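# Fold and contact review
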Amino acid sequence: MHPSFLPSKCLFFMIISLILILAPRYVVADDGNFSSCSELIDCGNVQDIGYPFWGLNRPESCGHPDFKLNCNGNNPEITIMSVTYRVLNISSSTQVLELARTDYYDNICPTYLINSTFSSSLFEYNMSTQDIRLYYGCQSLTGLVNLTSVQGISNQFECSINKTDFIGYYVTRNITETSFGTLATVISSSLGSCNYSVSIPVLNSEIQTLELNRNPDTLQEALRVGFEVQWSANDFLCDKCLKSDGQCGHNLILGGFICYCSNGSYPEVCPTSPSTPGTSSFL
């Protein structure tokens, strides 16, 4: 008769189960992230910037993956949904980013015509920002509409893109009868036949000037002034981590937020009493 292996098998499975349960919450010894993530980003007008931003002297583990900052000729930049923006200001206390598109900063007729789009889970316009729409490759409206009497649409502007000349317009309002009255159908049909259109955010405070001085220079200035977005990237968890004397970061292996502490890494906060690195913070 063979000896029974039941007790040893039960013990084996119990040990494996405990490892699987505790592994995601396992505290590892300080791997340098606590020190490196205490470093702050300085570039041009942007100073002392930490989580959720990373880049330059802050490694990827110190910030959210979508918040990488570059420093281009002393100008801080961030790329969001394949569009690069100049960072005009960062307010960590209100979680507000002031941005301006780099491709439109000095030129209203860039090489590539791309919409500004944002992930709603990370960025959203605040109350100070709205979209305007730029149209390129249009037929002239001067014979159809007396533009001087219509608010919400610019005068005609001209530019060259990839050695091709375009007629363009910008529109600051939705093309509806509420905004344009009986001319809405004519304007919608005419602009609908343009070759390209691009949606770009501007500050609400620029709209009045854009509608009064409807020329390319006014548009260029509004695009330089930029716009504002609100960000959300585990900031509540970061506040808790910082209050526990930790440094905020991103778990590059498992994904998600992580709190780097002087004695290891924890899911949210540093322990109130020292733990031995390599032991679970939940034991």
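Higher on the page you've got the structure.
Each value, and the rule that gives it
Residues numbered from 1 in each chain as written. Predicted model: local features only at pLDDT ≥ 70, side-chain atom pairs only at ≥ 80, totals over all residues. Heavy atoms only, no water. Phe/Tyr/Trp six-rings, centres within 6.5 Å; stacked < 30°, edge-to-face > 60°. Helix = DSSP H or I, 4+ residues; strand = E, 2+ residues; numbered from the N terminus. Buried < 20%, exposed > 50% of the residue type's maximum accessible area, 1.4 Å probe, protein only. Lys NZ or Arg CZ within 6 Å of the ring centre and 35° of its normal. Patch = residues over 30% accessible without salt bridge, like charges linked within 9 Å, V, L, I, M, F, W, Y side chains within 5 Å. Areas by Shrake-Rupley, 256 points an atom, 1.4 Å probe, with all protein chains shown as cover. Salt bridge = Lys/Arg side-chain N within 4 Å of Asp/Glu carboxyl O. 1 Å grid on protein atoms, 1.4 Å probe; cavity = no way out; pocket = protein on both sides within 12 Å on 5 of 7 lines; lining within 4 Å. Points joined across faces, edges and corners; volume = space filled by probe spheres on them. Arc of directions from axis to C-beta. Contact = heavy atoms within 4.5 Å. Polar contact = N/O pair within 3.5 Å; in protein donor to acceptor, adjacent residues only side chain to side chain. Pairing = 2+ DSSP bridges. Axes fitted to C-alpha atoms, helices over the stretch in contact; angles between N-to-C directions.

## Quick word on the packing of aromatic side chains
Applying the stated rule across the entire model yields 13 aromatic pairs. An angle of 85° between the planes, with centres 5.7 Å apart, marks the rings of Tyr51 and Phe257 as edge-to-face. In this pair, Tyr51 is assigned in the loop between strand 2 (46-49) and strand 3 (69-72) and Phe257 in strand 14 (residues 257-261), connecting sequence segments 206 residues apart. Summarising the burial analysis for this pair, Tyr51 and Phe257 share the class buried. Through a chain of ring-to-ring contacts, three or more aromatic side chains come together here, namely Phe53, Phe67, Tyr85, Phe118, Phe123, Tyr125, Phe227 and Trp231. Directly above the ring of Tyr105 sits Arg86, whose terminal nitrogen or CZ lies 3.9 Å from the centroid.

## A word on a nonpolar patch on the surface
Taken together, the side chains of Leu252, Ile253 and Leu254 make up a nonpolar region of the molecular surface, amounting to roughly 380 Å² of accessible area. Positionally, Leu254 belongs in the loop between strand 13 (247-250) and strand 14.

## Considering the layout of surface pockets
Roughly 240 Å³ of internal volume is contained in the second largest pocket. Of all elements in the fold, only helix 7 (235-243) and strand 13 reach the threshold of two or more residues within the lining of the second largest pocket. No other element matches the four residues that helix 7 contributes to the lining of the second largest pocket.

## Observations regarding helix 4 (residues 184-192)
Those residues of helix 4 that sit buried are Ala184, Ile187, Ser190 and Leu191. Projected down its long axis, helix 4 shows its buried positions confined to an angular sector of 140°, all on one face. Exposed positions of helix 4 whose direction lies more than 90 degrees from the buried face are Thr185, Ser189 and Gly192. In this structure, the buried side of helix 4 is in contact with strand 8 (129-136), strand 10 (164-171) and helix 3 (177-180).

## Side note on the environment of Ser61
Inspection of the secondary structure puts Ser61 in the loop between strand 2 and strand 3. With relative accessibility at 8%, the residue Ser61 sits in the buried group. Sequence separation between Ser61 and Cys248 is 187 residues, and the spatial gap between their C-alpha atoms is 9.0 Å. In contact with Ser61, other than residues within four places in its own chain, are Asn33, Cys37, Gly249, His250, Leu252 and Tyr260. For Ser61, the side chain forms a polar contact with the side chain of Asn33, separated by 2.6 Å.

## Observations regarding the sheet that holds strand 7 (residues 123-125)
Read across the sheet, six strands follow the order 3-4-5-6-12-7 without closing on themselves; strand pairing throughout is antiparallel. Of all the strands in the sheet, the pair left with one neighbour each is strand 3 and strand 7. Across the sheet, the axes of successive neighbouring strands diverge by a mean angle of 45°, strand direction being ignored.

## Some points on the side chain of Gln247
Inspection of the secondary structure puts Gln247 in strand 13. Residue class for Gln247 comes out buried when judged on its relative accessible area of 18%. Once residues lying within four places of it in the same chain are set aside, the contact partners of Gln247 are Phe34, Cys37, Ser38, Cys241, Leu242, Ile258, Cys259 and Tyr260.

Read these as layout, nothing more, since geometry by itself doesn't imply function.
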